[in-house]
Amino acid sequence: MRRRALAIRLASLAVVLTVWELYGRSVNPILFTYPSAVAEAFGELAGSGELQAYLGQSLQVLAYGLLLAVGAGIPAGVLMARFRTVELATDLYVNALYSTPMVALVPLIVLWFGFKVPAKVVIVFLFMVFPILINTEQGVKNVDRGLLEVARSFCSTEPRLWRDLVLPSALPFIAAGVRLAIGRGLVGMVIAEFYTSISGLGYMIVRYANAFETAKLFVPIVVLMAMGVLLVQGARAVELRIAPWQRRGQGEA
């Protein structure tokens, strides 16, 4: 089954790359490019060390933002789900900030935190934290009431109830929130690099777009796409590692 799925994906990728190559060669290279030219530009940028340097800067910001989002979003979601008073006091602000286009807040964040790494981390954090928080809250609220009653009937203590039932039951929701947050975090990372200091993959995109070097422009874009796929798959692998019962629940071998 896995081999068949891999074969289908590789065949699909081969078709897309072939069509892209053929069409890209017929278009003005200032306006579009093709895979072989992107691969050549990738080798050039990687060989000079430029790609690795900017990628490292972007990964640093993304890692800090993700750690802060997980560290703040999961406890906040648990508290909102567990204590009605906390939910009533905070849900208005959570919903308001989540529905606000974060791009609109970027100039204000830059004004407060400057143009360097702290501002970027704050921007990425704001993009990432709300999917984690909201999914955690919903996961805790959706724990089977029957299982809760059974656990309490056997005199389970509150800490053990949370450790053995509530958090494991909410884990799929939390993991889904993290996967959503990764996608939003990549968007926030690039936007932060557009507005702040000259660094990261976002700067590469602006630089080569302004220079009309389309093949090099596609290199950071493709790297961002690959980062998104790898990070989401990595989050999925971690989820299956700490919650192996999800394999059966979602039909994985």
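Preceding block: the structure.
Everything numeric in this text was worked out from a predicted model, so none of it was measured.

J.: Got a minute to help me understand the side chain of Glu87 in this structure?
T.: Within the secondary structure, Glu87 is located in helix α4 (residues 84–99). Given a relative accessible area of 11%, Glu87 falls into the buried group. In contact with Glu87, other than residues within four places in its own chain, are Met80, Glu137 and Lys141.

J.: It is not clear to me how unusual backbone geometry should be interpreted in this structure. Could you clarify?
T.: At Phe212, a position not held by glycine, the phi torsion is positive, near 60 degrees. Its location among the elements puts Phe212 in the loop between α9 (200–210) and α10 (214–242). Note on Phe212: relative accessible area 55%, which makes it exposed.

J.: Even after reading the chapter, I still don't get the pattern of salt bridges, so can you show me in this structure?
T.: Opposite charge on two side chains allows them to pair when their charged atoms are near. Counting across every chain of the model gives seven salt bridges. A salt bridge links Glu44 to Lys216; the nearest nitrogen and oxygen atoms lie 2.9 Å apart. In this pair, Glu44 is assigned in helix α2 (residues 35–48) and Lys216 in helix α10, connecting sequence segments 172 residues apart. Looking at Glu44, the relative accessible area reads 45%, which means it is partly exposed. Overall, the relative accessible area of 14% leaves Lys216 in the buried class. As a salt-bridge pair, Glu87 and Lys141 come within 2.5 Å of each other at their nearest N and O atoms. With a gap of 54 residues between them, Glu87 in helix α4 and Lys141 in helix α6 (residues 117–141) connect regions that are remote in the sequence. Linked through salt bridges whose partners overlap, the residues forming this network are Arg84, Glu87, Glu137 and Lys141.

About the thresholds
Residues numbered from 1 in each chain as written. Predicted model: local features only at pLDDT ≥ 70, side-chain atom pairs only at ≥ 80, totals over all residues. Heavy atoms only, no water. Helix = DSSP H or I, 4+ residues; strand = E, 2+ residues; numbered from the N terminus. Buried < 20%, exposed > 50% of the residue type's maximum accessible area, 1.4 Å probe, protein only. Contact = heavy atoms within 4.5 Å. Salt bridge = Lys/Arg side-chain N within 4 Å of Asp/Glu carboxyl O.

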